[in-house]
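As a plain string of letters, each chain reads:
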Amino acid sequence: MAEFILRRILQAMLVLFVMTVLVFFGIHVIGNPVDLFASSECTKACLDEIMVNLGLDRPVWQQYLIFLGNLAEGDLGRSFTHGVPAMSLIWERFPATLELAVAALVLALVIGLPLGFYAGLRPDSWISKAIMGLSMIGFSVPIFWIGLIMILTFSVKLGWLPAIGRGDLVTVFGVRVSFLTLDGLRHLAMPAFTLSLLMMSMVIRLTRAGLREVMTSDYIRFARANGVPEYRVLGWHAMKNLLIPIVTVLGMEFGGVIAFAVVTESIFSWPGVGKMLIDAISVLDRPLIVAYLIFVVTMFVLLNLVIDILYSLLDPRVRLGAGAA
Amino acid sequence: MIIAERPSRLRAFTRAFFNSPTAAIALCVFVAMSLAAIFAHLIAPQDPYDLRSVSILDNLLPPGEVSFGGMTYWMGTDGQGRDMLSAMLFGLRISLIVGLASGVIALAFGTLIGLIAAFRGGWVDALLMRIVDLQLSLPTILVALILLVILGRGIDKIIIALVVVQWAYFARTVRGVALVENARDYVDAARGLRLPPLRILFFHILPNCLPTLLVVATIQMAQAISLEATLSFLGLGLPPTRPSLGLLIANGFDYLQSGRWWISVLPGVVLLVLVVSINVVGDRLREVLNPHLRG
């Protein structure tokens, strides 16, 4: 057991190391940050001075080692455009992204589970077919377009919901959140729904497929034969087994949702890390781009690591299989 | 005997496919859109890349409006006075080219890797599958974003980025199917006949992976088109001179707030219909080719 966990941790560290190499050297191919700082009458001497200030006069492998050393101390450099440490910008904006992603997750479950249940219980009714058709569209349509249509409908035509920003914020335990004010909720509604569509479609499909499988199993039939009321059969006995795949898939998808927030945040001008990344890309703010990528990839690797370890604790077959391979 | 059996299997497959009216309609829609894209230069009322044929005086006309020159803009015009119908036809062409090219390259590369992994086994298999796992554990949009930041804009670059995010799906699928096929009697028989390993790999195992590959390829193509549109919308995919559907939608975004909906909604509808029809076809293919995957 300990060996398995150790192996997974080593693997995760290897992946992180490879990613720092890829991201660092990849980013160093693009653009010349000196141009960002140089004014038009800048002479050769002043250009060289900027180079030295940014540490760009050293050979690239030295720059990488310095970068690694700083990374170990949690320092990812200063943003070229904001002039403050890149990590502090990320920590400042990450709560907004996290709030959006969690809201999307909640919406996906609250809307997706009942719809999937209905479609699984009455697979031949036309409502079920409509639900499945909609989930197909949820899988297919690029979410940025859904966001556009929602802005057009609810902001431009009907004027019900604001199209951009986060609205009024409340500070809870030092974190500023918008879901506790009415204005914040109105701002949150459209971005969260847009971001949740893909997960929602997944929840609908998994619930439906899982329910149809579970309903034919013996333990459900015995529960019914024992006179367990129908709402309890569905809401408790069937639900317990249904939730396993759903929780697994959502857990693995959650990192993807954070990544996809880039799109949603750009459309709705939601002030999270995704919007920050797109802005950083447009001005080639290298440290900020690198910091975002390292941050998200680390989060991802940790998430996968935790899921794997939890799995191996819950299901010994995983760990045996991994040991044999 | 075998020769007589083949056409009937194909016919059975075709019949099974068209048993679903939805799938039949989706296939027709997809074929029609492909034809429209291929012959875009013949059917488009205007060449949207030729600035001389575009009049700035005709900008932001709603659908159905007649221009000063007497031309009817059935789908309206954009901010530069471009005919939206023409722009959409050419945009559709670019979206399809990107989806198809990246799909085919990823298919070829992924299949090769998958076959090698299944056939060689051992550490080669373990290494390749670790790379595949790594690739699949990162969200596609993130990987594509990183690559495009590094590579820059351009149709070739977005195809490279899409290939990188897609090949792993093919590799994993092919490896799985090839491992199953590898253990079958006909492969043993071929080995017993002392056929060369490469011949067994490409002429015996590969053909039996094709049905599954076709399903994955269809779904991946829809994904690629959708992802390209998303990236172009973010300003990371294609150069603005030759807009794909995603870029057209992005261009219209600025006008959306002022109520000029057609510039981004109409290309979006085209994109939606295209991606949904490919997905419906893919779903049906899976049902027909892999009955055990139904669910």
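Cut-offs used in this document
- Residues numbered from 1 in each chain as written.
- Chains lettered and ligands numbered in written order.
- Predicted model: local features only at pLDDT ≥ 70, side-chain atom pairs only at ≥ 80, totals over all residues.
- Heavy atoms only, no water.
- Helix = DSSP H or I, 4+ residues; strand = E, 2+ residues; numbered from the N terminus.
- Buried < 20%, exposed > 50% of the residue type's maximum accessible area, 1.4 Å probe, protein only.
- Contact = heavy atoms within 4.5 Å.
- Areas by Shrake-Rupley, 256 points an atom, 1.4 Å probe, with all protein chains shown as cover.
- Domains from an automatic or database assignment.
- Buried area = accessible area lost by both parts, 1.4 Å probe.
- Salt bridge = Lys/Arg side-chain N within 4 Å of Asp/Glu carboxyl O.
- Nonpolar A, V, L, I, M, F, W, Y, C, P; charged D, E, K, R; others polar.
- Axes fitted to C-alpha atoms, helices over the stretch in contact; angles between N-to-C directions.
- Left-handed = near helix turned anticlockwise from the far one by under 90°.
- Polar contact = N/O pair within 3.5 Å; in protein donor to acceptor, adjacent residues only side chain to side chain.
- Core = buried A, V, L, I, M, F, W, Y, C linked by side-chain atoms within 4.5 Å.

Engineer: I keep staring at the overall build of chain B and nothing clicks. Help me out?
Structural biologist: A count of helical and extended segments in chain B gives 11 helices and 2 strands. For chain B, buried positions account for 51% of its 295 residues. Long-range contacts, defined here as pairs at least 24 residues apart, represent 70% of the contacts in chain B between residues at least 6 apart. Only carbon and sulfur atoms are counted for the fraction: they give 66% of the accessible area of chain B, which is about 14,100 Å².

Engineer: Any chance you could explain the domain arrangement of chain A here in plain terms?
Structural biologist: The parts lose accessible area when they come together, and the size of an interface is often stated as this lost area. Residues and elements named next belong to chain A. Segmenting chain A into domains produces domain 1 (2–72) and domain 2 (93–314). Contact residues are listed per partner, giving 19 residues for domain 1 and 15 residues for domain 2. Both sides of the domain 1 and domain 2 interface together cover about 1,600 Å² of buried area, and 81% of this is carbon and sulfur. Among the residues of domain 1 in contact with domain 2, Arg-8, Leu-16 and Ile-27 are the three that bury the most area, contributing 30% of the side total. Inspection of the region where domain 1 meets domain 2 yields 0 salt bridges. Where the side of domain 1 that touches domain 2 is concerned, the elements lending two or more residues are helix H1 (2–27), helix H2 (33–37) and helix H4 (60–72). The element best represented in the side of domain 1 that touches domain 2 is H1, accounting for 11 residues. The class makeup of the residues in the side of domain 1 that touches domain 2 is 15 nonpolar, 3 polar and 1 charged.

Engineer: Mind showing me how you'd approach the packing of helix H6 (residues 126–140) of chain A against helix H11 (residues 262–289) of chain B here?
Structural biologist: Packed helices, taken two at a time, are described by the angle their axes make and the gap between the axes. The interhelical angle for the contact between H6 of chain A and H11 of chain B, taken along N-to-C directions, is 115 degrees, at an axis separation of 9 Å. For H6 of chain A against H11 of chain B, the interelement crossing comes out right-handed. Judged by residue contacts, Met-136, Ile-137 and Ser-140 of chain A of H6 of chain A engage Leu-272, Val-275, Val-276, Asn-279, Val-280 and Asp-283 of chain B from H11 of chain B. Considered class by class, the residues forming the contact of H6 of chain A with H11 of chain B number 6 nonpolar, 2 polar and 1 charged.

Engineer: How do you make sense of the pattern of salt bridges when you look at a structure like this?
Structural biologist: In a structure, side chains of opposite charge can pair up when their charged atoms sit close to one another. Residue and element names in this part refer to chain B. Going through the model one piece at a time under the given rule, you end up with 9 salt bridges over all chains. Of the charged contacts, one joins Glu-181 and Arg-184 as a salt bridge, the two residues approaching to 3.3 Å between their closest N and O atoms. On the basis of relative accessible area, Arg-184 is assigned to the partly exposed category, the value being 40%. Salt-bridge contacts for Arg-191 lead to Asp-188; the nearest nitrogen and oxygen are separated by 3.9 Å. Taken together, the positions of Arg-191 and Asp-188, both in helix H8 (residues 185–192) and 3 residues apart, correspond to about one turn of that helix. Through salt bridges with shared partners, one network takes in Arg-130, Asp-133 and Arg-172.

Engineer: Is there a simple way to explain the interface of chain B and chain A in this structure?
Structural biologist: Each side of the interface is counted separately: chain B has 36 residues, and chain A has 41 residues. Taken together, the two surfaces of chain B and chain A that pack against each other cover about 3,300 Å², and 81% of this comes from carbon and sulfur. There are 0 salt bridges connecting chain B and chain A. Our count for the contact surface shared by chain B and chain A stands at 1 residue pair in polar contact (both at pLDDT 80 or more). Looking at the side of chain B that touches chain A, the elements with two or more residues in it are helix H5 (122–137), helix H6 (140–151), helix H9 (197–233), helix H10 (245–256) and H11 of chain B. When residues of the side of chain B that touches chain A are assigned to their parent elements, the largest contribution, 11 residues, is made by H11 of chain B.

Engineer: I tried to follow the side chain of Thr-20 of chain A on my own but got confused; where do I start?
Structural biologist: Residue and element names in this part refer to chain A. Of note, Thr-20 is situated in helix H1. Within the structure, Thr-20 has its side chain in polar contact with the backbone oxygen of Phe-17 (distance 2.6 Å). In contact with Thr-20, not counting residues within four places along its chain, are Tyr-64, Phe-67, Leu-68, Leu-71 and Ile-294.

Engineer: Hey, could you run me through the nonpolar core in this one?
Structural biologist: Note on soluble globular proteins: their nonpolar side chains tend to be buried together. Core analysis: the largest hydrophobic core is formed by 159 residues, its most contacted members being Phe-144 and Tyr-292 of chain A. Both of domain 1 (2–72) and domain 2 (93–314) of chain A provide at least three residues apiece to this core. Every residue in contact with Phe-144 of chain A, bar those within four places of it in the chain, is listed here: Val-263 and Ile-267 of chain A together with Ala-229, Thr-230, Phe-233, Gly-246, Ile-249 and Leu-271 of chain B. Judged by nonpolar contacts, the second largest core, of 9 residues, contains Ile-113, Ala-117, Met-129 and Ala-168 of chain B.

Engineer: What is the right way to look at the environment of Thr-298 of chain A in this model?
Structural biologist: Residue and element names in this part refer to chain A. Note on placement: Thr-298 falls in helix H12 (residues 286–314). Exposure remark for Thr-298: the relative accessible area of 25% places this residue in the partly exposed category. Taking the C-alpha atoms as reference points, Thr-298 and Gly-116, 182 residues apart in sequence, are found 33 Å from one another. Here the side chain of Thr-298 touches Ile-294 through a polar contact of 2.5 Å, landing on its backbone oxygen.

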